[in-house]
Amino acid sequence: QVQLVESGGGLVQAGGSLRLSCAASGRTVSSYAMAWFRQAPGKEREFVAAIRRSDDTFYYADSVKGRFTISRDNAKNTVYLQMNSLKPEDTAVYYCAAAPVYSGRSYTRYENWGQGTQVTVSS
């Protein structure tokens, strides 16, 4: 089983950028479909972005398309989420997740989770 640890969250002004990292141990990130989810207070956990294990196909939520980029560095066993043009509505705890194969955008499809990192965007 893979263990995931997120980092890189923080407080940023609207329009700014952050890069989140998800460091994996125990297994390689190339063995999994990797994804980012986020959860704002009082809201359900929602899909942000994913990358398939097999062919590096990317998927993005409409709300972040064109602003966020998911990537994977197999040598560092790390997945990243580059977030540009941040908006106050992007404020949430961001979670990294892994699944044996990409099976859609529901958080219930992902078996392995990190502890989350807080992102706060001020207006």
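Bear in mind that the values here come from a model prediction, so they are computed numbers and not experimental data. (Residues numbered from 1 in each chain as written. Predicted model: local features only at pLDDT ≥ 70, side-chain atom pairs only at ≥ 80, totals over all residues. Heavy atoms only, no water.)

Undergrad: Quick question: what am I supposed to make of unusual backbone geometry here?
TA: It is generally the case that most residues other than glycine have a negative phi and that most peptide bonds are trans. Unlike most non-glycine residues, Asn 77 shows phi in positive territory, near 55°. Its place among the elements puts Asn 77 in the loop between strand E7 (68-73) and strand E8 (78-83). Assessed through its relative accessible area of 14%, Asn 77 is described here as buried. If you check the backbone angles, Ser 85 has positive phi at about 50° while not being a glycine. (Helix = DSSP H or I, 4+ residues; strand = E, 2+ residues; numbered from the N terminus. Buried < 20%, exposed > 50% of the residue type's maximum accessible area, 1.4 Å probe, protein only.)

Undergrad: Please clarify how the pairing of E8 should be interpreted in this entry.
TA: Along a regular strand, successive side chains alternate from one face of the sheet to the other. Taken across its six residues, E8 has five buried, putting it largely inside the fold. Of the pairings in the sheet, the one linking E7 to E8 comprises six bridges and is antiparallel in character. Among the inter-strand pairings, Thr 69 is bridged to a residue of E8, identified as Gln 82. (Pairing = 2+ DSSP bridges.)

Undergrad: Where do I start with the pattern of salt bridges in this structure?
TA: It is possible for side chains of opposite charge to pair when their charged atoms get near one another. Applying the stated criterion to the full structure yields four salt bridges. A salt bridge links Glu 46 to Arg 38; the shortest N-O distance between them is 2.6 Å. Accessibility expressed as a relative area gives 35% for Glu 46, which makes it partly exposed. Taking relative accessible area as the criterion, Arg 38 reaches 6% and is therefore assigned buried. With a shortest N-O distance of 2.8 Å, Arg 67 and Asp 90 are connected by a salt bridge. With Arg 67 in the loop between strand E6 (58-60) and E7 and Asp 90 in the loop between E8 and strand E9 (92-99), this pair connects stretches of sequence that are 23 residues apart. Residue classification places Arg 67 among the buried residues on the basis of a relative accessible area of 11%. Three or more residues joined by partner-sharing salt bridges are found here, namely Arg 38, Glu 46, Arg 67 and Asp 90. (Salt bridge = Lys/Arg side-chain N within 4 Å of Asp/Glu carboxyl O.)

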